[in-house]
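# Geometric and topological summary
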Amino acid sequence: MTTDQTSERHTPLTQADRAEAVLDAIRREYQRARTKHAPLHSGHEAVGVIDEEFVEFRDAVYFGVDRRGERSDPAREAIQVAAMALAYVVEAYASWEWHRTGEAEPEHMEPAARHREVRRRIRGG
C-alpha cells in the first residue's frame, strides 16, 4: 500500500467530533421543526410534544419500527427528542432569560407578563 492510498482512508471520528455532528443535527432538526410547526407556548405543550417524540424514540430502540410498522432509526428519534427539549428551553421556559443574564427573576410577575418581559428583553427593547 502506498502512502497515497493510506492517506485516502477515513480516520475515525473522535468523541468530540461525533458530539459536534450530533449538536449540528439537533440544530437542523430544531430549525426544520420551526418551519413546519409553531413555537412551543408552554411547559404543558412541551411535555406533550417531547413525550410523543420520546415514545417514537422508545419504539425505535425496542422494536426498530414506528407506529406504522416502518423501520425507524433510534438516533434520528433521539435527535428529535433533543430538538424539542431545545425548543422548550428557547421558546417556552420564561425564566431562561433571567438565568442567562444572571438577573433576579421577578417573582411577582404573572406567567404571561414574565413571558412578555422575556420576549422584550430578547428583542433588546
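Structure first, text after, so check above.
Below is a summary of the structure that appears in this document. Quick caveat: nothing in here was measured; it's all calculated off a predicted structure. (Residues numbered from 1 in each chain as written. Predicted model: local features only at pLDDT ≥ 70, side-chain atom pairs only at ≥ 80, totals over all residues. Heavy atoms only, no water.)

### Quick notes on the nonpolar core
Our working definition: By convention a nonpolar core is built from buried Ala, Val, Leu, Ile, Met, Phe, Trp, Tyr and Cys residues, the set being connected through side-chain atoms within 4.5 Å. Throughout this description, buried means an accessible area under 20% of the type-specific maximum (1.4 Å probe, protein chains only), exposed means over 50%, and partly exposed covers the range between. Secondary structure is summarised from DSSP: a helix means a run of H or I of at least four residues, a strand means a run of E of at least two, and numbering begins at the N terminus for each.
Of all hydrophobic cores here, the largest spans 11 residues; its members are Ala-25, Ile-26, Tyr-30, Ala-33, Leu-40, Ala-46, Ile-79, Ala-83, Met-84, Ala-87 and Ala-92. Elements with a contribution of two residues or more to this core: α2 (15-36) and α4 (74-92). When residues of this core are assigned to their parent elements, the largest contribution, five residues, is made by α4.

### Focus: α2
Stated precisely, the cut-off is as follows: The length a helix should cover is 1.5 Å for every residue beyond the first. In this description, one arc is meant: the one made by directions from the helix axis to the C-beta atoms. Residues are treated as being in contact if the distance between any of their heavy atoms lies within 4.5 Å.
Compared with the 32 Å implied by 1.5 Å per residue over 22 residues, the 32 Å span of α2 between its first and last C-alpha is a close match. Taken residue by residue, α2 has Ala-25, Ile-26, Glu-29, Tyr-30 and Ala-33 as its buried positions. End-on view of α2: buried residues confined to an arc of 140°, all on one side of the axis. Exposed side chains of α2 directed beyond 90 degrees from the buried face belong to Ala-16, Arg-28 and Thr-35. Packing partners of the buried residues in α2 comprise α4.

### Remarks on the packing of aromatic side chains
Spelled out, the test is: Classification of ring pairs rests on two measures: the distance between centres of Phe, Tyr or Trp rings, Trp counted by its six-membered ring, which must be within 6.5 Å, and the angle between planes, read as stacked under 30 degrees, edge-to-face over 60 and tilted in between.
Within this structure, the stated rule accounts for two aromatic pairs. Their ring planes at 55° and their centres at 6.0 Å tell us that Phe-54 and Phe-57 sit as a pair that is tilted. In this pair, Phe-54 and Phe-57 are both assigned in helix α3 (residues 43-62), three residues apart and thus about one turn of the helix distant. Judged by its relative accessible area of 25%, Phe-57 falls in the partly exposed class. Seen in terms of ring centroids, Tyr-62 and Phe-63 are 6.2 Å apart; in terms of plane orientation they differ by 75°. Their pairing is edge-to-face.

### Describing a nonpolar patch on the surface
To keep it simple, the criterion reads: Grouping into patches uses exposed residues only, defined as over 30% relative accessible area, and leaves out salt-bridged ones; the cut-off is 9 Å for like charges and 5 Å for nonpolar side chains (Val, Leu, Ile, Met, Phe, Trp, Tyr). Every accessible area reported is derived by Shrake-Rupley at a probe size of 1.4 Å, with residue values counting cover from the shown protein chains alone. The term salt bridge refers to a side-chain nitrogen of Lys or Arg lying within 4 Å of a carboxyl oxygen of Asp or Glu.
Taken together, the side chains of Leu-86, Val-89, Val-90 and Tyr-93 make up a nonpolar region of the molecular surface, amounting to roughly 270 Å² of accessible area. Checked against the element boundaries, Leu-86 lands in helix α4.

### Quick word on the layout of surface pockets
Note the threshold: Only protein atoms enter the calculation, which uses a 1 Å grid: trapped sets of points that fit a 1.4 Å probe without letting it out are cavities, open sets showing protein on both sides within 12 Å along at least five of seven lines are pockets, and any residue with an atom within 4 Å of a point is a lining residue. Grid points are joined across faces, edges and corners, and a volume is the space filled by probe spheres set on the points. In this classification, the charged set is Asp, Glu, Lys and Arg, the nonpolar set is Ala, Val, Leu, Ile, Met, Phe, Trp, Tyr, Cys and Pro, and all remaining amino acids, among them Gly, are polar.
Estimated volume of the largest pocket: approximately 280 Å³. Lining of the largest pocket is provided by 17 residues; of these, Ala-33, His-37, Val-49, Glu-53 and Met-84 occupy positions nearest its centre. For the lining of the largest pocket, the secondary structure elements donating two or more residues are α2, α3 and α4. Across the lining of the largest pocket, the residue classes break down as six nonpolar, three polar and eight charged. Its volume calculated, the second largest pocket comes out at about 150 Å³. Forming the walls of the second largest pocket are Glu-56, Asp-66, Arg-67, Arg-68, Arg-71, Ser-72 and Glu-77. Split into classes, the residues belonging to the lining of the second largest pocket amount to no nonpolar, one polar and six charged.

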